[in-house]
Amino acid sequence: MKSNIPPFLLDSSSASSQMRGGGRVDMSYLEKGIKGFAALFTEGYAQWDLSSKKSFLHDLDARIKIVFWILMIAVISLKRAVQPEAAIFLFTFTLAALCRLNLIVFYKKVLVLGFVFGFLVAAPSALNAIVPGKVILPLLTLSRPHEFWIYHVPQIIGITEEGISIISLLTLRVLNSLSISFLILYTTAFADIIKALNVIRVPDTFLIIISMTYKYIFTFAHIVSDMHLAKKARLAGVTGREEARDWIAGRIAFVFKKTQIECDEVFKAMLSRGFSGEIKFYHYRKITGKDWSTGLCLIAAAIAFLIMK
Amino acid sequence: MIQVRNIHYSYYQKFAALIDVSLGIANGEKFAVIGSNGSGKSTLLQILAGLLFPSGGDYLFHDVAVTESTLKEKKFLRFFRQKIGYVFQDSDIQLFCPTVIDELLFGPLQVGLDREEAMDRAIEILKMLKIENLKSRPTYMLSGGEKKRVALGSVLTMNPNVLLLDEPTNGLDPRTQVFLMELILALNEAGKTIVIATHDLSLVGELHSRVAVLSEEHRLEKVGTADEILYDEALLLKVNLIHEHIHYHNGKAHSHLHSHYLFHKH
């Protein structure tokens, strides 16, 4: 075997002898993207870790939590005043605190998403040019009012009382929907959420597809991160944008191919374990008296918010 | 050449993978890291390859600390990646080019070799690995053994001084295993430093290397010669690399320590 070793492999001096300096390597968009992708694991782990803690909401049967969640989303959407929405916000805050969630991490996520999808989306409606109303903060005075197609631009453009009320209501609705959803997500294991969707008559086949998809997102995120490490191990410089794009395209094709193969293998594994077209889920433990009483308190709270003026 | 001092690593800041591990590897040495599944062998190898960074402790390569920051220095990055080649346990993730020849050319072109020299290297490696017939084949159409050869070849074309091999013989047929072992020994004789992570004691015996043993608690239990480690029954039992095995001889059941290597004795 020794005689087969090519001469270049016997030369140990070929590697660059100058070790330091030469400027710094910028992190490419590819690396940033892969890092973001790898954050999926951490996120998934964080959800699993948080959902496996102990508190009254963690211990509550997932089916009751799903019913409570759906009821609360309906109540949040139906309320047309700021006060009940603010009360729901405080109620959710109290629940999150009682569940000993990290409130800073929890509300950082809720507030960022609430700002983007609630406040920013609703912000233009604060102006009287969009929604007519009583101006409380004038911003711009034009020489005269303008008429344009179906729009009327008033002479004084400013923030209206009605606009502020609409923004507050919409932002609070989004914040409340997000906080109640994150609360359920952080106190319930993903597998339990999927099984509990049975109570709203989501078909088993659909549920198994969701759970397998969720699992394979992590599997493929893992594969992509590992492939990136494998490339990094052989990369002695900076990758050009074009080359990075080629690599991504190649990897998408590879992951697609791998998905196809994996799909066939999973189907064979299902057949070998008796699958014959109908999926049967393992169903739940019985709902205990404690679950019923906690559930009734939560549902009573939801109804109280519904009738609150 | 390689110095690891009191390194710690944990996944998601929760699951410890390495706790207070210190070791040194000299130039041209054969070195094996052994331990049961999940003991941290692959993590240690990935740290040595500069792919993961320890949360505590130091890793020095040629007396330069290998950190995220030093690996952003262009010259050190090139020096480091040229000197250290890492062969992954799963060849599938390592092979990312369209064909076998593209795979072999990727590394040399990255380190700045001209196309002709890179092609010469790739052809020589194809011959050495006896895979000339696979030159234009897509990598997903290779068998497990072929993939392993191409993965090793893709690193060898960069002519690294250190070869880090993660479970190199896992899942390979006996003939390919022998081929790979002979190749690894020949590369070591040619001056390459070989570092292998494995739980296969027979591989350690054949390699006759210095050995570091990782425990199931992710700590370094012992570093010694292959003989010192392989004949230390108590140590191997403790780190779960040998086990009590019951079987029949002439219709009589009996038990003994079993490792598929040294301790299958009656």
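Caption draft 1: Layout of the packing of helix α5 (residues 82-98) of chain A against helix α6 (residues 103-122) of chain A. All names here are of chain A. Contact pair α5 / α6: the axes reach a minimum separation of 10 Å and the direction vectors enclose 145 degrees. Between α5 and α6 lies a crossing whose hand is right-handed. Within the contact between the two elements, α5 uses Phe 89, Thr 92, Phe 93, Ala 96 and Ala 97 and α6 uses Leu 103, Phe 106 and Tyr 107. Classifying every residue of the contact of α5 with α6 by side-chain character gives seven nonpolar, one polar and no charged.

Caption draft 2: Seen up close, the sheet that holds strand β4 (residues 56-61) of chain B. All names here are of chain B. Taken in spatial order, the four strands make up an open sheet running β2-β1-β4-β5, and their pairing is antiparallel. The open sheet terminates on both sides in strands that have one partner only, identified here as β2 (15-25) and β5 (64-65). Sheet topology note: the β4/β5 ladder contains two bridges and is antiparallel. Along β5, the bridge assignment pairs Leu 60 with Ala 65. Each of β1 (2-11), β2 and β4 is contacted by helix α1 (residues 41-48), which is oriented at about 125 degrees to β1, the strand it contacts most.

Caption draft 3: Structural view of the environment of Trp48(A). Residues and elements named next belong to chain A. By secondary structure assignment, the location of Trp 48 is in helix α2 (residues 29-51). Under the relative-accessibility criterion, Trp 48 is labelled partly exposed at 45%. Counting along the chain gives 127 residues from Trp 48 to Leu 175, while the straight-line C-alpha distance between them is 23 Å.

Caption draft 4: Expanded view of the packing of aromatic side chains. Residues and elements named next belong to chain B. Tallied over the entire structure, the rule returns 14 aromatic pairs over all chains. Here the aromatic rings of Tyr 59 and Phe 80 are separated by 6.5 Å at their centres, their planes lie at 70 degrees, and the arrangement is edge-to-face. Of the two residues, Tyr 59 is situated in strand β4 and Phe 80 in helix α2 (residues 74-83); the sequence distance between them amounts to 21 residues. The class of Tyr 59 is buried, set by a relative accessible area of 2%. Aromatic side chains Phe 61 and Phe 80 sit 5.4 Å apart centroid to centroid with 85 degrees between the ring planes, which places their arrangement in the edge-to-face category. With a gap of 19 residues between them, Phe 61 in strand β4 and Phe 80 in helix α2 connect regions that are remote in the sequence.

Caption draft 5: Summary view of the packing of helix α4 (residues 100-110) of chain B against helix α6 (residues 144-156) of chain B. Residues and elements named next belong to chain B. With their axes 7 Å apart at the nearest point, α4 and α6 run at an angle of 30 degrees to one another. Comparing the axis directions of α4 and α6 gives the class roughly parallel. Crossing of α4 against α6: the hand is right-handed. Across from Val 100, Glu 103 and Leu 104 in α4, the residues of α6 making contact are Val 150, Gly 153 and Ser 154. When grouped by side-chain class, the residues that make up the contact of α4 with α6 number three nonpolar, two polar and one charged.

Caption draft 6: Representation of the nonpolar core. Counting 52 residues, the largest nonpolar core has Tyr59(B), Phe61(B), Leu164(B) and Val195(B) as the members making the most contacts within it. Take this core: its biggest share by element is eight residues, from helix α9 (residues 204-233) of chain A. Discounting residues that sit within four places of it in the chain, Phe61(B) has contacts with Met1(B), Ile2(B), Val66(B), Phe79(B), Phe80(B), Lys83(B), Ile84(B) and Val162(B). Within the second largest apolar cluster, 38 residues are counted, among which are Leu9(A), Val87(B), Ile194(B) and Leu207(B).

Caption draft 7: Region of the structure containing the confidence of the model for chain B. Per-residue confidence for chain B gives a mean pLDDT of 86; residues scoring 70 or more make up 92%. Taken together, the chains of this predicted complex give a pTM of 0.70 and an interface ipTM of 0.72.

Calculation rules
- Residues numbered from 1 in each chain as written.
- Chains lettered and ligands numbered in written order.
- Predicted model: local features only at pLDDT ≥ 70, side-chain atom pairs only at ≥ 80, totals over all residues.
- Heavy atoms only, no water.
- Axes fitted to C-alpha atoms, helices over the stretch in contact; angles between N-to-C directions.
- Helix = DSSP H or I, 4+ residues; strand = E, 2+ residues; numbered from the N terminus.
- Left-handed = near helix turned anticlockwise from the far one by under 90°.
- Contact = heavy atoms within 4.5 Å.
- Nonpolar A, V, L, I, M, F, W, Y, C, P; charged D, E, K, R; others polar.
- Pairing = 2+ DSSP bridges.
- Buried < 20%, exposed > 50% of the residue type's maximum accessible area, 1.4 Å probe, protein only.
- Phe/Tyr/Trp six-rings, centres within 6.5 Å; stacked < 30°, edge-to-face > 60°.
- Parallel < 35°, antiparallel > 145°, perpendicular 65-115°, else oblique.
- Core = buried A, V, L, I, M, F, W, Y, C linked by side-chain atoms within 4.5 Å.
- pLDDT = per-residue confidence, 0-100.

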